[in-house]
Amino acid sequence: MIPPADTIDYHTQSPEVSKRFAELKQRPVVLSVDDLTKIFPSRNGDVTALKSVDFEVYRREFMCVIGPSGCGKSTLIRILAGLETETAGAVLLDGNPVAGPGPDRGMVFQSYTLFPWLTVKQNVMFGPKMAGHKEAGVEADARQWIELVGLSQFENSYPHQLSGGMKQRVAIARALANRPRILLMDEPFGALDAQTRAQMQSYLLQIWKNLDITILFITHDLDEAIYLSDRILVLKANPGEVDEIIEVPVPRPRSLDQFIEPEFIATKHRINQLIHPESERGQDTLPFPRMTKQGDDVE
Ligand SMILES: Nc1ncnc2c1ncn2[C@@H]1O[C@H](COP(=O)(O)OP(=O)(O)OP(=O)(O)O)[C@@H](O)[C@H]1O
Ligand SMILES: [Mg+2]
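What you are looking at is a predicted structure, and each value in this text was computed from that prediction instead of being measured.

(A) Summary view of the domain arrangement of the protein. As assigned here, the protein comprises domain 1 (5-94 + 181-277) and domain 2 (116-170). Distance from the C-alpha centre of domain 1 to the C-alpha centre of domain 2: 28 Å. Listed per partner, the contact involves 7 residues of domain 1 and 7 residues of domain 2. With both sides pooled, the region where domain 1 packs onto domain 2 buries about 580 Å², and carbon together with sulfur makes up 79% of that total. When the area that domain 1 buries against domain 2 is broken down by residue, the three leading residues are Met200, Ile207 and Leu211, summing to 52%. Linking domain 1 with domain 2 are 0 salt bridges. Inspection of the region where domain 1 meets domain 2 yields 1 residue pair in polar contact (both at pLDDT 80 or more). Partitioned by chemical class, the residues of the side of domain 1 that touches domain 2 number 6 nonpolar, 1 polar and no charged.

Structure, rendered in structure tokens:
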């Protein structure tokens, strides 16, 4: 019997999880976001997409970012990728300020971004070739990355011949082929059906486990965030500020069975409280008049 979610303290960590976090915080900081602010000027007044956002991601950490629509998640990841400039504050990767895009950050977006005129292998080879690496080495490397995402049989296929999940696996291989320090993922599985999505989450955890890679992953899905991450950065909207950084108390290795464990449910309940506060509840009721007889009820 699972106790009610609001009676469980999501701060409670098993000794094994506490040890894991103590160890995590001993590792070098890969990404440091210092007092980051982004203001978009607009005719109707400035929009503060991010305000004084401050956090660090440790080496080989898996961090998810979650928050209501418009809270600045994509803006944050675009600044980290160097595709957008900050209004104030700083972003440091391995202690060096980020200025513009670079191969040290790999990006995977929700929309499919493979080059449609290139095969799977050519897509994966594209970045290293552009960086001037020798063709033979690049090809051998690309094969390894494609094997890592389980698509060796499809290396000569074109993107239109692949399913959505396969395209995203190629996108991950392509991002990894540049040997980034950090993988920045903006709702990469958002367009996939539930079953493929669950499979992709499992693949991603396996990839993460086997590589020296740090991951910052944006999602709307609470289960996905808890299942994947070490810590969850919860943002609030208007302006986009850090609400809380949650240390996920669910032990690793993760499995789908943990979705009904008390610590999983308590964490989900806590994030839900942050993202959909009590004050906002009940606002999703339609002003719909009753069109059936009294007593003819379905609930
Ligand atoms: N290029 C831009 N010019 C003006 N305003 C922008 C621009 N990009 C984003 N914004 C504004 O900044 C805020 C944050 O947008 P952003 O896309 O980062 O949110 P998000 O958290 O990714 O939302 P979603 O969950 O819907 O993807 C929004 O109010 C948005 O309208
Ligand atoms: Mg977004």
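On we go.
(B) A look at helix 8 (residues 262-275). Here helix 8 contains 14 residues, and its C-alpha end-to-end distance of 20 Å stays within 8% of the 20 Å for a straight helix at 1.5 Å per residue. All buried positions along helix 8 are accounted for by Phe264, Ala266, Thr267, Ile271, Leu274 and Ile275. Within helix 8, the buried residues cover an arc of 165° as seen down the axis, which keeps them to one side. Those residues of helix 8 hidden inside the fold are in contact with strand 3 (62-66), helix 7 (222-228), strand 9 (231-236) and strand 10 (241-247).

(C) Examining the pairing of strand 4 (residues 88-93) more closely. In the sheet, strand 1 (residues 29-40) pairs with strand 4 via 5 bridges, with the strands oriented antiparallel. Pairing of Asp34 across the sheet is with Ala90, part of strand 4. One ladder, built from 2 bridges, connects strand 4 with strand 5 (residues 96-97); its direction is antiparallel. Each residue of the ladder has a partner; that of Leu92, found in strand 5, is Pro97. What sits between the antiparallel neighbours strand 4 and strand 5 is a turn of 2 residues, in which Asp94 has the positive phi angle 50°.

(D) Expanded view of the site of ligand 1. As a matter of local geometry, ligand 1 sits amid 13 residues, with Ser69, Gly70, Lys73, Ser74 and Thr75 nearest to it. Here an oxygen atom of ligand 1 sits 2.9 Å away from a polar atom, N or O, in the main chain of Gly70. A distance of 3.2 Å separates an oxygen atom of ligand 1 from a polar atom in the backbone of Cys71. Protein coverage of the free-state accessible area of ligand 1, which is 630 Å², stands at 60%. Of all elements in the fold, only strand 2 (47-58) and helix 2 (73-81) reach the threshold of two or more residues within the shell around ligand 1. Of the residues forming the shell around ligand 1, the biggest block, 3 residues, is contributed by helix 2.

(E) Structural view of the packing of aromatic side chains. Applying the stated criterion across every chain, the model contains 7 aromatic pairs. Measuring from ring centre to ring centre gives 5.6 Å for Phe62 and Trp208, while their planes differ by 70°; the resulting arrangement is edge-to-face. One end of the pair, Phe62, is in strand 3; the other, Trp208, is in helix 6 (residues 194-210), and 146 residues separate them in sequence. Taken together, Phe62, Phe189, Trp208 and Phe217 form an aromatic cluster joined through their ring pairs. Over the aromatic face of Phe115 sits the side chain of Arg174, whose NZ or CZ is 5.5 Å from the ring centroid.

(F) Highlighting the nonpolar core. Counting residues in hydrophobic clusters, the biggest one holds 52 residues, and the most contacted among them are Phe62, Ile172, Ile215, Phe217 and Ile232. At 8 residues, the largest contribution of residues to this core is made by helix 5 (residues 164-177). Counting contributing residues, this core receives three or more from each of domain 1 (5-94 + 181-277) and domain 2 (116-170). Residues Val53, Val57, Leu93 and Leu235 belong to the second largest nonpolar core, which totals 26 residues.

(G) Here's a closer look at the pattern of salt bridges. Evaluation of the coordinates by the stated rule reveals 21 salt bridges. The salt bridge involving Glu84 is made with Arg78; its shortest N-O contact spans 3.4 Å. Judged by relative accessible area, Glu84 falls into the partly exposed class, the value being 23%. By relative accessible area, which is 33% here, Arg78 ends up partly exposed. What emerges from the salt-bridge pattern is a single network uniting Lys121, Glu139, Arg143 and Glu155.

(H) Quick peek at the sheet that holds strand 1. Read across the open sheet, the 4 strands follow the order 2-1-4-5; overall the sheet is antiparallel. Each edge of the sheet is formed by a strand with only one pairing partner; in this case those strands are strand 2 and strand 5. This element, helix 2, spans strand 1, strand 2 and strand 4 of the sheet and lies at about 120° to strand 1.

Calculation notes
Residues numbered from 1 in each chain as written. Chains lettered and ligands numbered in written order. Predicted model: local features only at pLDDT ≥ 70, side-chain atom pairs only at ≥ 80, totals over all residues. Heavy atoms only, no water. Domains from an automatic or database assignment. Contact = heavy atoms within 4.5 Å. Buried area = accessible area lost by both parts, 1.4 Å probe. Salt bridge = Lys/Arg side-chain N within 4 Å of Asp/Glu carboxyl O. Polar contact = N/O pair within 3.5 Å; in protein donor to acceptor, adjacent residues only side chain to side chain. Nonpolar A, V, L, I, M, F, W, Y, C, P; charged D, E, K, R; others polar. Helix = DSSP H or I, 4+ residues; strand = E, 2+ residues; numbered from the N terminus. Expected span 1.5 Å × (residues − 1). Buried < 20%, exposed > 50% of the residue type's maximum accessible area, 1.4 Å probe, protein only. Arc of directions from axis to C-beta. Pairing = 2+ DSSP bridges. Near = heavy atom within 4 Å. Areas by Shrake-Rupley, 256 points an atom, 1.4 Å probe, with all protein chains shown as cover. Phe/Tyr/Trp six-rings, centres within 6.5 Å; stacked < 30°, edge-to-face > 60°. Lys NZ or Arg CZ within 6 Å of the ring centre and 35° of its normal. Core = buried A, V, L, I, M, F, W, Y, C linked by side-chain atoms within 4.5 Å. Axes fitted to C-alpha atoms, helices over the stretch in contact; angles between N-to-C directions.

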